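# Chains, contacts and geometry: an overview
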Amino acid sequence: MRVAMLSATPVDTHGWGRYTRDLIMALAEQGAKIDLITSIDADSDPNLPLSSYSRILPSLVPARRYTSLRLLAAMPAVSRHIAHADVVHVIAEPYVLAVPPTHRTIVTAHGTYLPLTVQRRGFGALYRQAYRRSTVICVSRYTQSAVLAAVPGLDTTVITNGVDVARFQQLGTPPIKRSPVVLAVGQIKPRKGFHVLARAMRLVRQVVPDAEVVFIGDKSDTTYCERILADLAAEEPNLSHAVHFLGRVPDDVLLGWYHAADVFALPAVNIGNQFEGFGLVYLEASAAGLPTVGTYGCGAEDAILDGETGFLIPQNDEAATAGAIIKLLQDSALRSRMGMRGIEYAREHGWDKIAQRVREVYETYG
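What counts and how
- Residues numbered from 1 in each chain as written.
- Predicted model: local features only at pLDDT ≥ 70, side-chain atom pairs only at ≥ 80, totals over all residues.
- Heavy atoms only, no water.
- Pairing = 2+ DSSP bridges.
- Helix = DSSP H or I, 4+ residues; strand = E, 2+ residues; numbered from the N terminus.
- Axes fitted to C-alpha atoms, helices over the stretch in contact; angles between N-to-C directions.
- Contact = heavy atoms within 4.5 Å.
- Parallel < 35°, antiparallel > 145°, perpendicular 65-115°, else oblique.
- Nonpolar A, V, L, I, M, F, W, Y, C, P; charged D, E, K, R; others polar.
- Left-handed = near helix turned anticlockwise from the far one by under 90°.
- Buried < 20%, exposed > 50% of the residue type's maximum accessible area, 1.4 Å probe, protein only.
- Phe/Tyr/Trp six-rings, centres within 6.5 Å; stacked < 30°, edge-to-face > 60°.

The strand order β3-β2-β1-β4-β5-β6-β7 describes an open sheet built from seven strands, whose pairing is parallel. Every interior strand has two partners, whereas the edge strands, β3 (52-57) and β7 (155-158), have only one. The sheet shows a mean angle of 25° between the axes of neighbouring strands, taken without regard to direction. Where strand β1 (residues 2-6) meets strand β2 (residues 33-39), five bridges bridge the pair, whose relative direction is parallel. Directly across from Arg 2, in β2, lies its bridge partner Lys 33. Where helix α5 (residues 124-132) meets the sheet, its contacts fall on β5 (105-109) and β6 (134-138), and the angle it forms with β6 comes to roughly 90°.

Working note: a packed helix pair is described by the angle between its axes plus the distance between those axes. Closest axis-to-axis distance for the helix α13 (residues 318-329)/helix α14 (residues 332-348) pair is 6 Å, and the angle between their directions is 100°. As judged from the angle between their axes, α13 and α14 are roughly perpendicular. Contacts between α13 and α14 pair Lys 327, Leu 328 and Leu 329 from the former with Leu 334, Arg 335 and Met 338 from the latter. Per-class residue counts for the contact of α13 with α14 are four nonpolar, no polar and two charged.

Put simply, helix α8 (residues 194-207) and α13 touch, their axes get as near as 8 Å, and they point 50° apart. One way to sum up the angle between α8 and α13 is to call them oblique. The interaxial crossing formed by α8 with α13 has right-handed handedness. On α13, the residues that touch Val 196, Leu 197, Arg 199, Ala 200, Arg 202, Leu 203, Val 204 and Val 207 of α8 are Glu 318, Ala 319, Thr 321, Ala 322, Ile 325, Ile 326 and Leu 329. Looking at the contact of α8 with α13 residue by residue, the class counts come to 11 nonpolar, one polar and three charged.

The topology assignment puts Tyr 127 in helix α5. The buried category is assigned to Tyr 127, whose relative accessible area is 0%. In sequence terms Tyr 127 and Val 151 are 24 residues apart; their C-alpha atoms lie 9.8 Å from each other. In contact with Tyr 127, not counting residues within four places along its chain, are Ser 68, Leu 71, Pro 94, Val 96, Leu 97, Thr 117, Val 118 and Arg 120.

As a further point, take the packing of aromatic side chains. All told, the structure shown has nine aromatic pairs when counted by the stated rule. Ring plane angle 50° and centroid distance 4.7 Å describe the contact between Trp 16 and Tyr 113, whose orientation is recorded as tilted. In this pair, Trp 16 is assigned in helix α1 (residues 15-29) and Tyr 113 in helix α4 (residues 113-117), connecting sequence segments 97 residues apart. Residue Tyr 113 is classed as partly exposed on the basis of its relative accessible area of 28%. With centroids separated by 6.0 Å and ring planes inclined at 85°, the aromatic side chains of Phe 264 and Tyr 282 adopt a geometry described as edge-to-face. One end of the pair, Phe 264, is in strand β11 (residues 263-265); the other, Tyr 282, is in helix α11 (residues 280-287), and 18 residues separate them in sequence. Assigned by exposure class, Phe 264 and Tyr 282 land together as buried. Taken together, the aromatic side chains of Phe 168, Tyr 258, Phe 264 and Tyr 282 make up a single cluster linked through ring pairs.

Here it is in structure tokens:
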């Protein structure tokens, strides 16, 4: 089977890239031939098992002005590159606009982007038509509900993200740890709920006085990071010393924190029409044996088994966030039990299994 895949650069620094890279590796293991069509500024990766690597699409990370017009202009080139493909799979949702109307596509909907594209002024109708020619793989049931609300009647199926369990069971470089640690990983922005977690730590430390929280991820939104620390300092000066912003870290350091921490928590919040589509980091934490805390009303409902691999709590609820963390920090047997179940659950979402389900969708293509 020959698959033409349209996506952003297959790198670790954003969700599209990670999904693309891992799916390519898994599909290639199962015998598929992959032609990757990506952005003009992408760097080729000689380690990816690709049949071809074409850089002809406008960049989405970061997105630039007139992206939709640039996508339409790229359509003739895309048409040539997909001419011999058995399947056309669009992984970065906006790229669907570059696929000629004569082709049916598979589109992976990761969360916010598909609903947003159909709202684009002057181009929303074109995006709707493109999605209606597609089978849409939604990475969670919540994402599926948002997709169908945006474009009723689409042909959709739910296939969650996969996780490289073996990678997250590596111990990495152990950090120096002096107290109970709550870990949060992801781009540090309001939708991830870092501010909720930081404020919840005020309540956690009333019960577990030496508890600390470690934030790992892109902290380029310096205004948001500074606001979190300023709010904490205004309410409880000592608390700001228990909240650590590490930014991006090397892989071995990240793995070290996954295995040193006691709890993983990311109380994601919906902001306007933006939401957590799945929350792969919850599954990665589970693969490392960490109990997880996430929120209802987003894709975390598929990434966490409430009461088994961790806890789901209401959004924007500092007390509930603190309560779940305290319960876990005070009960080592519960942490161990949830951690073991989390590893099992992560294995159920290994990329070999996810790629097989994607191939089953490919078999219905046409």
